[in-house]
Each structure stands twice: as C-alpha cells, then as structure tokens.
Amino acid sequence: MSERFDCKNCNESLGGRKYIQVEDHPHCIPCYDRLYANTCEECKEIIGHNAKELFYENRHYHAHCFRCFRCDRSLADEPFTSQEDALVCSDCYCNEYSSKCVSCDKTVMPGSRMLEYGGSTWHEDCFACHGCLKPMGAEAFVPDNDNYYCVPCYEGRVAPQCSHCKKALTKGGVTYKDEVWHKECFLCTGCKAPLAGQPFTSQGESPYCVKCFSSLYAKKCAGCNTAITGFGDGKYVSFEERQWHQPCFKCSRCSVSLVGSGFFPDRDQILCTDCNNDD
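Residues numbered from 1 in each chain as written. Predicted model: local features only at pLDDT ≥ 70, side-chain atom pairs only at ≥ 80, totals over all residues. Heavy atoms only, no water.

The criterion, for reference: UniProt positions are given in the numbering used here, feature names are shortened, and annotations may be inferred rather than shown by experiment.
Under an unreviewed UniProt entry, the name given to the chain is Four and a half LIM domains 3b, and the organism recorded is Gasterosteus aculeatus aculeatus. Per UniProt, the comment on the chain under Subcellular location (unreviewed entry) is "Nucleus".

Here it is, written out as structure tokens:
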C-alpha cells in the first residue's frame, strides 16, 4: 500500500493536484495562498501564487495594480518615483515637481545634471556664457545684471579696467575722479605709497598722500610754520597773503584766540583789541 501524500496544513490528499513546497513540506494551492501569499498594497487582495508580483520599498503589488496615482498608467516597465508613498511616473513627476530650464524651457529631469542659481534652473549644458556662448557647466562664472559670463569673457569684455595697470577689476577697488583702480594700484604721485584706505588729496588730476602734498604744495601756517593741509582741523584764516590754522590765529602778545574777533596787524604781529589799545 503506497504512502499518502497530503497537504501539510489541511491534510487533504495532493494526489493529482498542484502543490507548492514550503520548507520541505507540500501545501495545496489554497493553503499556500492563505498562509504565505502577500497582500497587494493597492487593492488589498491576496497576490495569488500564479499572479505576477512586484515589490517596492517593503510593499507588494499585483503587476496590474502597480500604476501611477496621477495618470493611472502601468509602471511595471516604466521609470517611476514616489511622492509621499504614492507611485508617480516620471512624466507626471516632472510636470508637477520638476523645474524647467530657463534656457531651453524643457523639463530638468530628476537625477540629471543641472545648475541652480538665483532661483533659476538650467540643464548643465544649457548654462552658457553670454559672451562666447560656450557651456560653462560647473565652472566659475560671473553674473552681470541678467547675464552670466565665463571668467575670461567677463574680464575681457565687461569688467572695468584699472586706470593704472589696464587689467580687469573683478573685485573691490578704488574710484577716483570717475576712474577705477585696483587698491594696490592707487598710489601717491609723489612717494608711490598705497592710498587705499588712507587720507589723501589731489593737485590737479594727481592724488597725493598728506605728507607729500604738505611738503610740495601746502601753504604754511604763519603761527606754527607747519603745513595747512585741510585734514583734521582743516579750517584756517587768511589775511594779507598769510594763513593760520584756526587754533594758531591768536594775539601775538596775550595768545587770546582772534577767531571771530577784531584784530589789528602790527608789522609781523597780529594783536587783539586790548593789546592794541595798550600801545
């Protein structure tokens, strides 16, 4: 008498019937589906042993249930992504979530190489220099109003030129009499010392540091015999081709300040009213 061949779960005979082996134990098809088959994430029905099953992020689907939640197209053989646990085909995702290239007005596909700047997006190959029209990709560039330039084009076509060395001025410099200089190129006409960030004055069109201007051009105070430069306490008093710093303009005898008061010249001296009356 032959040995019985029964389902491990329901003990029904499997003679002449289909079965599925699980851990060396045979199971009839109904028992197998009930015990081991997965549930479809979409329709919540059992995915039978003979159904095509798809698996994504710990979720199981019938092949016919694996569809875009926007347009309902099958994703079984299509590229897709997920948005808040919902499956989305690439076309729907791009139309709803992807940026458009400001150059070609086409969608920047997820995962493609792109560049973002100032709230705008470009395909990497579409981000081209306004001057030479060559794609800049991920290379350095310089924005100028609504245009973008590669560094050589910006320096050669757009950037202001230093009045001294005639090279491009690409970052902070010095402006003087409507012309620009590199900070290191803006020098005293006399001693060639850098003037950027320092007090300076001019003689004609030429800039000078205080020391050079004082020694070359400044008038001398008749009181202290030092230069009147216009820096610091720059106010001065002028009388008969003589000049004084305001603090130096005082009575030659009693040293009272004569600024805003009457005074009397006495040869090389200047006197206040009281000292003049004493004479």
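### A few points about the nonpolar core
Note the threshold: For our purposes a nonpolar core is just a set of buried Ala, Val, Leu, Ile, Met, Phe, Trp, Tyr and Cys residues, chained together by side-chain atoms within 4.5 Å. Partly exposed describes any residue whose relative accessible area lies between the buried limit of under 20% and the exposed limit of over 50%, with all areas from a 1.4 Å probe on protein chains only and scaled to the type maximum. Helix and strand assignments come from DSSP, with helices taken as H or I runs of at least 4 residues and strands as E runs of at least 2, each series counted from the N terminus. Whether two residues are in contact is decided by their heavy atoms, any of which lying within 4.5 Å being enough.
Counting 15 residues, the largest nonpolar core has Trp122, Phe127, Cys129 and Met136 as the members making the most contacts within it. For this core, the secondary structure elements donating two or more residues are β10 (147–150) and α3 (151–158). The contact partners of Trp122, leaving out residues within four places of it in the chain, are Cys101, Val102, Ser103, Met114, Leu115, Tyr117, Phe127 and Tyr148.

### Remarks on the packing of aromatic side chains
Stated precisely, the cut-off is as follows: Ring pairs are drawn from Phe, Tyr and Trp, using the six-membered ring of Trp, whenever the two centres fall within 6.5 Å, and their geometry is named by plane angle: stacked under 30 degrees, edge-to-face over 60, tilted for the rest.
Considering all chains together, one arrives at 23 aromatic pairs under this definition. Relative to Phe80, the ring of Phe66 has its centre 5.1 Å away and its plane inclined at 90°; by these criteria the two rings are edge-to-face. Here Phe66, found in the loop between β4 (59–62) and β5 (80–83), pairs with Phe80, found in strand β5; they are 14 residues apart in sequence, far enough to count as distant. Look at Phe66 and you get buried, because its relative accessible area is 4%. Classification of Phe80 by relative accessible area gives partly exposed; the value is 28%. Plain terms: the ring middles of Tyr176 and Trp181 are 6.0 Å apart, the flat faces sit at 50° to each other, and that makes the pair tilted. Judged on exposure class, the residue Tyr176 and its partner Trp181 are both buried. Cluster of aromatic residues (ring-pair linked, three or more members): Tyr117, Trp122, Phe127, Phe141 and Tyr148.

### Focus on the pairing of strand β3 (residues 53–56)
Spelled out, the test is: Any two strands between which DSSP finds at least two bridges are classified as paired.
What you see with β3 is a clean split: Leu54 and Tyr56 sit on the buried side and Glu53 and Phe55 on the side with no burial. As defined by bridge partners, β3 adjoins β4 across 4 bridges and the pair is classed as antiparallel. Its bridge partner being in β4, Tyr56 is matched across the sheet by Arg59. Connecting β3 to the next strand, β4, in antiparallel fashion are 2 residues, including Glu57 with a positive phi near 50°.

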